[in-house]
Amino acid sequence: MKTIKTLLGVTAAALTFTGSASAENWDMPMAYSASNYHSMNGQLFADAVGVCTGGDLTITVHPGGSLFGGADIKRAVQTAQAPIGERFISAHQNENPLYGIDSVPFLATSFADSEKLWAATKDKLGEALADDNLVLLYSVPWPPQGLYFKKPVNSVADTQGIKFRSYNSATARIADLMGMAPVQVEAAELSQALSTGVAEAFISSGSTGYDRKVWEQLTHFYDTQAWLPRNFVFANKGAFDGLNSQTQNCLRSSGMLAQAAGTARAEQLAGWYLQQLAANGMTVTAPSGQLVEDLQTIGATMATEWAEAAGAEGSALVEAYKASK
Ligand code: PCA
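An account of the accompanying structure is given in this report. (Residues numbered from 1 in each chain as written. Predicted model: local features only at pLDDT ≥ 70, side-chain atom pairs only at ≥ 80, totals over all residues. Heavy atoms only, no water.)

1. A look at the sheet that holds strand E10 (residues 230-236)
Item 1. Pairing is antiparallel across the open sheet formed by three strands, whose spatial order is E3-E10-E4. Looking at strand neighbours, the two that pair on one side only are strand E3 (84-88) and strand E4 (134-141), the edges of this open sheet. Direction aside, the axes of adjacent strands within the sheet are offset by 25° on average.
Item 2. As defined by bridge partners, E3 adjoins E10 across five bridges and the pair is classed as antiparallel. By the bridge assignment, glycine 85 is partnered in E10 with phenylalanine 234. (Pairing = 2+ DSSP bridges. Helix = DSSP H or I, 4+ residues; strand = E, 2+ residues; numbered from the N terminus. Axes fitted to C-alpha atoms, helices over the stretch in contact; angles between N-to-C directions.)

2. Observations regarding the site of the ligand
Item 1. Near the ligand, the surroundings consist of Tyr32, Phe88, Trp142, Gln145, Arg165, Tyr167, Ala187, Ser204, Ser205, Thr208 and Pro229.
Item 2. Here an oxygen atom of the ligand and a side-chain polar atom of arginine 165 are 2.8 Å apart.
Item 3. The contact in question runs from an oxygen atom of the ligand to an N or O atom on the side chain of serine 205, over 2.6 Å.
Item 4. When the ligand is considered free in solution it has 260 Å² of accessible area, and contact with the protein chains removes 99% of it.
Item 5. Using a 2 Å cut-off from the grid points, one finds that the ligand occupies the largest cavity.
Item 6. Of the residues contributing to the shell around the ligand, the split by class is six nonpolar, four polar and one charged. (Near = heavy atom within 4 Å. Polar contact = N/O pair within 3.5 Å; in protein donor to acceptor, adjacent residues only side chain to side chain. Areas by Shrake-Rupley, 256 points an atom, 1.4 Å probe, with all protein chains shown as cover. 1 Å grid on protein atoms, 1.4 Å probe; cavity = no way out; pocket = protein on both sides within 12 Å on 5 of 7 lines; lining within 4 Å. Sits in = over half its atoms within 2 Å of the grid points. Nonpolar A, V, L, I, M, F, W, Y, C, P; charged D, E, K, R; others polar.)

Take a look at the structure:
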């Protein structure tokens, strides 16, 4: 009997080792609406992992901040409360300035430049995440960032005293430099913040304006194309290391697929989102010459501040990116 038990134990261990005996399910917290392309792309990624592993590893996505709110997702994955998750990485630039490189104003303002910035920085960003106990699997940009207001704004003289929803320390700094009062709000709470008057302006893509139906409170969108910030999908390092190499390869290859598909989708949808804002009554327009000038001045200040915070490593990445253009 003892021999049989031992044999069973050894067999079970062997099967677990090859990964074919025990199917595993990972919960994947995501912060944005289920209908947003990042969330739909997360589902595509999950489906690809399921197919690739023959069901050995399945992933259940939880969009809309339903499992963890956006602000908590990175810590949840670092501490293995969730094995995988998606987070808007520049919200963590206070932990490491490199996480804010995609939000340096006017550094990379088109999809093409966003790709080049990504190519120049992805290895260092992966290393930074590894130091945080995370394995980077893929990254997808948001469309270019523009300014939303509830009145016409033609220069910084028009923005004094406005309550401004920020989503990271860079956008809080923009508010300061434009004479506005920043308040940090996750996208999931944006509609509420606007309807209760906690915030009355913000900077984001057409995507989030569309998802949150901000035409119900706001009237103007200025297409400033200031930067294209990114969402990152990462796994807890221990959870990833605990998988067999085939399953790890499935996560990586499905991540490559999701990155390509999500990036293409972002670019396809960028113009459509702005059309939807206009179709719902918003004035969608290029910023005035004065507003562009004001924003360029502010952007230059912030680029200098970022470079000081990010030191030699940050400057080397910016140089590498510029050389690749
Ligand atoms: N939408 C997200 C992040 C950037 C974007 O375009 C938001 O506003 O929270």
